[in-house]
Amino acid sequence: MVPTLPDGSPRMPVVVGLLQVLCLGRVESVRPRFHSKRYIWPIGYRSQRTYRSMRNPDRKVVYTCEIVDGGDA
């Protein structure tokens, strides 16, 4: 169960396995490049996960995934 704030929104970060969801973002329904029949790409979504470094496999680094508002896409 995901802990929530008094307004019912999830308390961030939400941990899903090894992934930390930092922000769920907002769904953009007007601009078609932010959604399809199968997927949505919510503007402002941000998550982090620790992986081995692509430059130095002996190190672990935190990678961040973020969907930004770039206008049409």
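Since this is a predicted model, take the numbers as computed values, not measurements.

1. Looking at the environment of Val2
No. 1: Considering the arrangement of structural elements, one finds Val2 in the segment before strand 1 (14–16).
No. 2: As a C-alpha pair, Val2 and Met12 span 10 residues in sequence and 9.2 Å in three-dimensional space.
No. 3: Setting aside chain neighbours within four positions, we find Val2 in contact with Pro10 and Val14.

2. Remarks on the environment of Pro13
No. 1: With respect to the helices, strands and loops of the structure, Pro13 is situated in the segment before strand 1.
No. 2: A sequence separation of 10 residues divides Pro13 from Pro3, and the C-alpha atoms of the two residues are 9.8 Å apart.
No. 3: Excluding anything up to four places from it in sequence, Pro13 contacts Gln20, Val21 and Leu22.

3. Re the sheet that holds strand 4 (residues 60–66)
No. 1: Pairing within the open sheet is antiparallel, and its four strands lie in the order 1-2-3-4. Edge strands, defined here as strands with exactly one partner in the open sheet, are strand 1 and strand 4. Going from strand to strand, the sheet's axes swing by 30° on average, the running direction of each strand aside.
No. 2: Of the pairings in the sheet, the one linking strand 3 (residues 46–52) to strand 4 comprises seven bridges and is antiparallel in character. Paired with Arg46 across the bridge in strand 4 is Glu66.

Conventions we followed
- Residues numbered from 1 in each chain as written.
- Predicted model: local features only at pLDDT ≥ 70, side-chain atom pairs only at ≥ 80, totals over all residues.
- Heavy atoms only, no water.
- Helix = DSSP H or I, 4+ residues; strand = E, 2+ residues; numbered from the N terminus.
- Contact = heavy atoms within 4.5 Å.
- Pairing = 2+ DSSP bridges.
- Axes fitted to C-alpha atoms, helices over the stretch in contact; angles between N-to-C directions.

As far as function goes, none of this settles anything; it's purely spatial.
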